[in-house]
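Below are the chains, spelled out letter by letter.
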Amino acid sequence: MCGVTAVKVLCSSGVAPHDKKTMKALVDKHPCMPPPTMPAFLPSEPHLVAETDSVLGCIKSFPKGTSCGRDGLRAQHLLDALCGEGSVIAVSLLRAISAVVNLFLRGGCPRSLAEFVASAPLTPLLKPDNGIRPIAVGSIWRRVVSKVAMKGVGKYMAKYLGDFQFGVGVPNGAEAVLHSVNRLLNAHHRDGSLAMLTVDFSNAFNLVDRTALLNEIGRPEHGNRGDYIDVGVPLYEAAIKGDWKAVKPILDKQLDLIRFAITENYDTMLHVAASAESTKAVEEFVVNVVNLMEKKDLELQNRNYDTAFSLAAAAGNKEIAMTMVKKNPKLIVIPGRNRMMPLYMAALFARPVMVRYLYGISNSMTGEHWEDDNRGQVLQKCVEAGIFDVALKIVNDHPKLIVKKELVSDILLALAKQTDAFKGRKPHVILRIIKSTFAVFHVKKVKPSEKDSEAVQLLRIIWKKIARMPKDEIDDILTGPPEQVGERINAYPFRVLFFATKKGNTRFIIELIRLYPDLIWKQDDHKRTIFHKAVNRRQIKIYKLLYEIGAMKDLITPIIDEKGNNMLHMVAKSAKQKRYQNVSGVAFQMQSELLWFKEIEQMIPPQYREQKNKDQETPQDVFTKKHAYLVTKGEEWMKDTASHCLVAATLIATIAFAAAFTLPGGYNQNIGIPFFRKEPPLIIFVISDAISLISSSTSVLIFLSILTSRYAERDFLESLPKKLVNGLGTLFLSIVTMMVAFSASFFLLYNKKLEWVPITITVLAGIPVILYVLLQYHLFKDVFKSAYQSRSLFKRKKRVLYY
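Report follows, based on the coordinates. All of these numbers come straight from a predicted model, not from anything done at the bench. (Residues numbered from 1 in each chain as written. Predicted model: local features only at pLDDT ≥ 70, side-chain atom pairs only at ≥ 80, totals over all residues. Heavy atoms only, no water.)

This part is about helix H3 (residues 52-60). By the burial criterion, the buried members of H3 are Ser54, Val55, Cys58 and Ile59. The arc that holds every buried residue of H3, seen down its axis, measures 135°, which confines them to one face. Counted as exposed and oriented over 90 degrees from the buried face of H3: Asp53 and Lys60. Each element contacted by the buried residues of H3 is listed here: helix H4 (75-82), helix H5 (90-105) and helix H7 (140-161). (Buried < 20%, exposed > 50% of the residue type's maximum accessible area, 1.4 Å probe, protein only. Helix = DSSP H or I, 4+ residues; strand = E, 2+ residues; numbered from the N terminus. Arc of directions from axis to C-beta. Contact = heavy atoms within 4.5 Å.)

Next up, the structure:
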């Protein structure tokens, strides 16, 4: 900037005051960016070489009064030294200046000097609208080198960019475009039928990605692909495996490769190793690489603006991260892609060990780089990832975060989704045994209870503060922001509350109701309470909370939704198939549906049991209609199961009957009495065979009765499950006793010298029994529970809401 122009600007609006607001504005205009990452393969063309005449011409091209950089050197100083009394040494001095310029052009500027030469002080001038206009005045050396470089490549760049731009190699190109369009509009479109829109990028020069420019130059079509195959690929492979021996000879020849990009994503060796699987070899590789790097090199970013440290945080490689932080502690506050802090990335990818480490070394997220916005983001991701210990620390260290409604709403929603996190930690097994022992003797002094999980503790801290807010604000938090679905914007009343109900997060619901009892009356967008939602989703624990609110349940159960359905109508609709993924058969799904229907039928006041909805259907009509398919499928499943078991039972009965008349050892032909009638093995054989025959015959009769059942809705409640469990039980008994009889016969036939034979056979005979237990265990357990324990499904146990 020339002196006259600078004085005019300074006198017009003045310089902004030196305060935090001005400093922040300057940082926003000129954000701190790490140095660009060099490409792995550079063009094979030689670097620019400037002649002395070109350098002198560029120095003379500076306007008079051009300002100096932070070193105080002006262009006029160089011109004065080259003429007048200094003309004696002008030639030698110009050669020396040209040598410095060429040193910079070939990238030979010392790294310790490069940052000083390339940087510039900022002067914050005030705009007429009180905005900030930062004026950067760089050093003369940088400006001379830039002029020389542009003079050398200008015509080639204009040819390369073609006719698609008017900025490079086109003098006054932008002004020419503007004037041409104005003339067109004035000449042919005075009626306003055509308009011109000018678009300007905000702070474009300061936010341009120099790494992208360098890597565009370093693309294979511009550079030497062979060099990349010979050098870049081995470096990448070695970084992945942690093979330092393969890398060291390459770096001994060209150490600069340590900071060069070796992928299209602009990843350096350190980026690749930091995101690789953390092994001892990789950790040692990173130590060696970091030792060869300068502190600033660790701040290199890839195309996504991620440092190697950010990738290590995302991958959860704690040891690698510790190595880098030891060299450059500033890494923990350099944001990566989308301005994400490394701590946020570790939480985003659910790396609990890394999150705990980074939270500790970040001094609990304090300092100038941390604000409530990015603290809140870390808190939310910790909750979503289930890292509740760190989330508790954040809430305690930064309690002001809880007043942000949108953040708190998202955190509550994340907590509502994590049902398993709210299960209490059971006391030690020894304490549970002691409790059981004292319970036998009716001693109530020892009561080891489940400890509250960290998720419960976090919820209590947050909800306690929310509960003190005005009612409207609480409702807004529980509802959350509206969501856009296609072209519609939907708002879900009390979304958090009903999402927890949908997930069956009983403890979450209990904690909310304790401080806000009126939540039991809140309704969703379909006019349903949480208890209606629980019935609809078959969440039995939340439904059973109705028993703890006294007579109010008689006012809640008759509430009808927007379609006129009361709670009995809702339970009459078939539950979604995924609710019964753990149920062994379709018949037991039908039984569960019947149990729910009978339970709600008893709960709802009698006058509402025959109430019709807007479709003029009673609850029983809805149940029969919605469960017709389930009844059909249940009948098919029950008959198929019974048919297969019937075949097995018939086969066992046939074998047992035949064995009863072919005793081992045979009969005395004279008197018709078995030879070994007094031997214990024969007695065991006879008894076991008889039991096997009787139990298998009984099993046959039971399975026949299943095949001939009428399969009405009510039969699935008790009749069919009991028949099936009894049939399976007798079938299992017949298999066991058949194997016992089989083993006993061998003990009878072999003497004591060959006892190993019957013992071996007995062990092998146990395999079918064990297989039957293992393969049919879940089915038998479900059948037994359905037949004999189903009535206790809705049995009230201890109070959990108010106790």
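As a packed pair, helix H25 (residues 495-503) and helix H27 (residues 530-537) sit with axes 9 Å apart at the nearest point and diverge in direction by 30°. Here H25 lies roughly parallel to H27, going by the angle between them. Seen from above, H25 lies across H27 with right-handed handedness. Packed against H25, whose contacting residues are Leu497, Phe498, Thr501 and Lys502, the element H27 presents Ile530, Lys533, Ala534 and Arg537 at the interface. (Axes fitted to C-alpha atoms, helices over the stretch in contact; angles between N-to-C directions. Parallel < 35°, antiparallel > 145°, perpendicular 65-115°, else oblique. Left-handed = near helix turned anticlockwise from the far one by under 90°.)

What follows covers the side chain of His398. Position of His398 relative to the elements: it lies in the loop between helix H20 (388-397) and helix H21 (405-417). Beyond its immediate chain neighbours, meaning those up to four positions away, His398 contacts Tyr359, Ser364, Met365, Thr366 and Arg375.

We now examine the pairing of strand S2 (residues 132-136). Of the strand pairs in this sheet, strand S1 (residues 122-126) and S2 are connected by 5 bridges, and their pairing is antiparallel. By the bridge assignment, Leu125 is partnered in S2 with Arg133. With antiparallel pairing between neighbouring strands as the criterion, S1 and S2 make up a hairpin whose turn holds 5 residues, including Asn130 at a positive phi of roughly 70°. (Pairing = 2+ DSSP bridges.)

Let us look at empty space enclosed by the protein. What the rule picks out here adds up to 1 cavity of 30 Å³ or more. Quantified by volume, the largest cavity comes out at close to 40 Å³. Lining the largest cavity are Ile332, Leu343, Leu358, Ile361, Ser362 and Trp370. When grouped by side-chain class, the residues that make up the lining of the largest cavity number 5 nonpolar, 1 polar and no charged. (1 Å grid on protein atoms, 1.4 Å probe; cavity = no way out; pocket = protein on both sides within 12 Å on 5 of 7 lines; lining within 4 Å. Points joined across faces, edges and corners; volume = space filled by probe spheres on them. Nonpolar A, V, L, I, M, F, W, Y, C, P; charged D, E, K, R; others polar.)

Once that is clear, we can look at the nonpolar core. Within the largest apolar cluster, 153 residues are counted, with the highest numbers of intra-cluster contacts made by Met324, Leu412, Leu415, Phe508 and Tyr543. Apart from the residues lying within four places of it in its own chain, the contact partners of Leu412 are Leu459, Ile462, Ile466, Ile477, Leu478, Val496 and Phe508. In terms of nonpolar packing, the next biggest core, distinct from the first, is built from 23 residues, Val55, Cys58, Leu79 and Cys109 among them. (Core = buried A, V, L, I, M, F, W, Y, C linked by side-chain atoms within 4.5 Å.)

Bringing the packing of aromatic side chains into the picture now. If you walk through the whole model with that rule in mind, you get 7 aromatic pairs. Seen from their ring centres, Trp244 and Phe285 are 5.8 Å apart, and the 75° between their planes marks the pair as edge-to-face. Separated by 41 residues along the polypeptide, Trp244 in helix H12 (residues 244-253) and Phe285 in helix H14 (residues 280-292) bring together distant segments of the chain. Since its relative accessible area comes to 18%, Trp244 is described here as buried. Using a relative accessible area of 0% as the deciding quantity, one classes Phe285 as buried. (Phe/Tyr/Trp six-rings, centres within 6.5 Å; stacked < 30°, edge-to-face > 60°.)

Now for a nonpolar patch on the surface. A grouping of Leu764, Ile767, Ile770, Leu771, Leu774 and Leu775 is seen on the molecular surface, where their side chains present a nonpolar patch of about 630 Å² in accessible area. Within the element layout of this structure, Leu771 appears in helix H36 (residues 756-789). (Patch = residues over 30% accessible without salt bridge, like charges linked within 9 Å, V, L, I, M, F, W, Y side chains within 5 Å. Areas by Shrake-Rupley, 256 points an atom, 1.4 Å probe, with all protein chains shown as cover. Salt bridge = Lys/Arg side-chain N within 4 Å of Asp/Glu carboxyl O.)

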